[in-house]
Amino acid sequence: MDRLPLPSVPWQLTGNHWLAIPCLHPGDAAIHRLGVLHRGARAALEFTGAAAQGREGAPLLRPHLVVDGTPARLGEAGIAWERALGWLPTFTCTVGPLLVRGMLFCPFGRDADMAGAVYTISIENRGSAARTVTLGIEALPGALVPRVRSPRSPVGALSAAVDGDLVVLDPAIVPGLAALALGADGAADVTLGADGTARVARTFLLRPGEREELAFYVAAGPERDGAVATSVAMRRRGWRWLLAATRDAIESLQQATGSESLDRLVNRNLLFAYFYGVGRALDDAHFYLVRSRAPWHPAGVTVRDWDALMMTLPAVQLADSGLARELLLRMCELHGYAPGRGVHYFDGTMFEPAYSLDGVAAYAVALERYIRQTNDDHLIDDPVVGDTLYAVHDELADRRHGELPLYATEVAPSGDVPPHPYTLHGNAMAAFALEVLRRTLDEETSRDVQDPEAVRAAMDRSFTRTENGKKRFCTALDLSGGEATDDDAVGSAAWLPLYEVVRGDDSTYKRTARALGTTPVESLAAMCARLMGPERAAVLEWLRRAPLDGGVAAQWVDADGRATANGGDAALAGLVAATVLLAVQQGEGSATAG
């Protein structure tokens, strides 16, 4: 996978499962990009102002403020940002004697979950004279840009039109793909300029000591009528109710570690994985798992089995077991027909064929982890789960070595080709998966399932090496004399205790894990794996201090944990959240046992 540099702007971001807002400008609170998933296009559709009519860097939506007839720009005297509940960006700034506060949020929660966003702005007059204030949101000319991994040419220019008291941004494509509707909470003036800039605003007199609070709705739909209808529904429920419901729902997702700094790390990444690694398509309302909805990650909205099942799903499971169940079923339905066969578009269509043993085994491993955490063993009775597990069994049987109970792969979980086809990590996952298959398949088929203990015994014989009287594992073999100790950046040997191949206090494992710890820090996934080993405390402290990419996971980092490339990695954010919480729990268990 290519390494993409981080964006030059340290964007604020938020979103819900319908709408991703990854580009809220920290300098003036303007929205530069909004994204939705569209199954029919097999892509993210992004409303952007940057590509419109050569206006490079132009926003799509921005606050509009006029004081006593003079236009004012937010942030000219500085602007301070905070994140309410770790997810809702809020800002404070001053414009002369006026104190301006704002918040952008995407409604979430029961009866609040909609394809839209709410921009609330309050203005307080701290001066000694009354001010005439016009406050609103401007919609600038823009474009609708499809993106799978990289942006394509715009499918249409966003032309603004006035529809009653709303502004509609519509690419005028037949059939429709996506449209936006912009409106105010209450009466407002709606105007459309000759340059195509539209505005929804209200003018009021603000006396000394008075405070006025306005809200604006941004609604998305698969075409303009749907966007207008969503706007009407948001206005009917009211922004205060939507905000209260959103706060309650986000609070219910959050986890506690007993450490304030680790809580911030876990919950920031958990929420990012929950909303940017999972999305609902605008055109069919179903959930889909993707690598990341952030536009600066090179994997985009494609997905591989291991990423979805072993990185994103465990984090979702911590916060929302009901959604985790639905996502596990969706993975089986869309991708389980060909487990481990490669990278897919989010709807299950093949994107890049590349067989992954780890991806095959991930279905059984994820199912077992879900059942252990939720005690919901009825899931295995679902026909689509059963079909997937039989497909996993068939795939494993086809990849077994002719003489030894070991299994080959084409690519590792990172997507890289391993130095040899028989990998330590892949076979550890295969052994765990075989254990699950023996318990879940029908009696006749289960008799043909390879004994997992035979696989673990073969791993011990084949992958163990003795150097200076001390044992350690190699990471890959060709079973013809070739071997390697290079560790995969994602499918690390440090994960072995997670698959119950060895205990974390096993001397061979600890020696292997310590050797991995001597390599320079570069991969954040590899650092997460080291949380399973003897360096748990040191790695937790490193993660506690790591800046990452604005606090969320990036694929590549420097020695201090600062993102260097492939930021906004939503699936990896899930791995960070789930693994840190697991490491804290294991540390507490060890302390109790001690």
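Note that the coordinates shown come from a computational prediction; the quantities given were computed from them, not determined experimentally.

1. A closer look at the side chain of Ser-259
Relative to the helices and strands, Ser-259 resides in the loop between α2 (239–253) and α3 (260–276). Look at Ser-259 and you get buried, because its relative accessible area is 15%. For Ser-259, the side chain forms a polar contact with the side chain of Ser-261, separated by 3.2 Å.

2. Quick word on the environment of Ala-273
Looking at the element boundaries, Ala-273 is found in helix α3. Along the chain, Ala-273 and Val-576 lie 303 residues apart, while their C-alpha atoms are 9.5 Å from each other. Those residues in contact with Ala-273 that sit more than four places away from it in its chain are Val-278, Thr-312, Ala-570, Ala-573 and Gly-574.

3. A look at the sheet that holds strand β23 (residues 350–353)
Within a sheet, neighbouring strands are paired by backbone hydrogen bonds and run either parallel or antiparallel to one another. The sheet built from 3 strands is open, its strands ordered β21-β22-β23 with antiparallel pairing. What marks the edges here is a single partner per strand, and that holds for β21 (302–304) and β23. For this sheet, the mean angle separating the axes of adjacent strands, direction not counted, is 25 degrees. In this sheet, β23 lies alongside strand β22 (residues 342–345) in antiparallel orientation, the contact comprising 3 bridges. By the bridge assignment, Val-343 is partnered in β23 with Glu-352.

4. What about the packing of aromatic side chains?
Under the definition given, this model contains 9 aromatic pairs. Where Phe-108 meets Tyr-274, the ring centres are 5.8 Å apart and the plane angle is 75 degrees; that geometry is what we call edge-to-face. Note that Phe-108 is positioned in the loop between β9 (98–105) and β10 (116–125) and Tyr-274 in helix α3, a separation of 166 residues in sequence. Each member of the pair, Phe-108 together with Tyr-274, is buried. Pairing Tyr-274 with Phe-275 gives two aromatic rings, centres 4.9 Å apart and planes at 85 degrees, and the pair type is edge-to-face. You can call Tyr-274 buried: its relative accessible area is 2%. Given the relative accessible area of 0%, Phe-275 is considered buried. Through a chain of ring-to-ring contacts, three or more aromatic side chains come together here, namely Trp-87, Phe-108, Phe-272, Tyr-274, Phe-275 and Tyr-276.

5. A word on the pattern of salt bridges
Applying the stated rule across the entire model yields 37 salt bridges. Two residues, Arg-207 and Glu-210, come together in a salt bridge whose shortest N-O distance is 4.0 Å. Overall, the relative accessible area of 45% leaves Arg-207 in the partly exposed class. Taking the relative accessible area as the measure of exposure, Glu-210 reaches 31% and is therefore partly exposed. Of the charged contacts, one joins Arg-325 and Asp-376 as a salt bridge, the two residues approaching to 2.6 Å between their closest N and O atoms. In this pair, Arg-325 is assigned in helix α5 (residues 321–335) and Asp-376 in the loop between α6 (357–374) and α7 (383–399), connecting sequence segments 51 residues apart.

About the criteria used
- Residues numbered from 1 in each chain as written.
- Predicted model: local features only at pLDDT ≥ 70, side-chain atom pairs only at ≥ 80, totals over all residues.
- Heavy atoms only, no water.
- Helix = DSSP H or I, 4+ residues; strand = E, 2+ residues; numbered from the N terminus.
- Buried < 20%, exposed > 50% of the residue type's maximum accessible area, 1.4 Å probe, protein only.
- Polar contact = N/O pair within 3.5 Å; in protein donor to acceptor, adjacent residues only side chain to side chain.
- Contact = heavy atoms within 4.5 Å.
- Pairing = 2+ DSSP bridges.
- Axes fitted to C-alpha atoms, helices over the stretch in contact; angles between N-to-C directions.
- Phe/Tyr/Trp six-rings, centres within 6.5 Å; stacked < 30°, edge-to-face > 60°.
- Salt bridge = Lys/Arg side-chain N within 4 Å of Asp/Glu carboxyl O.

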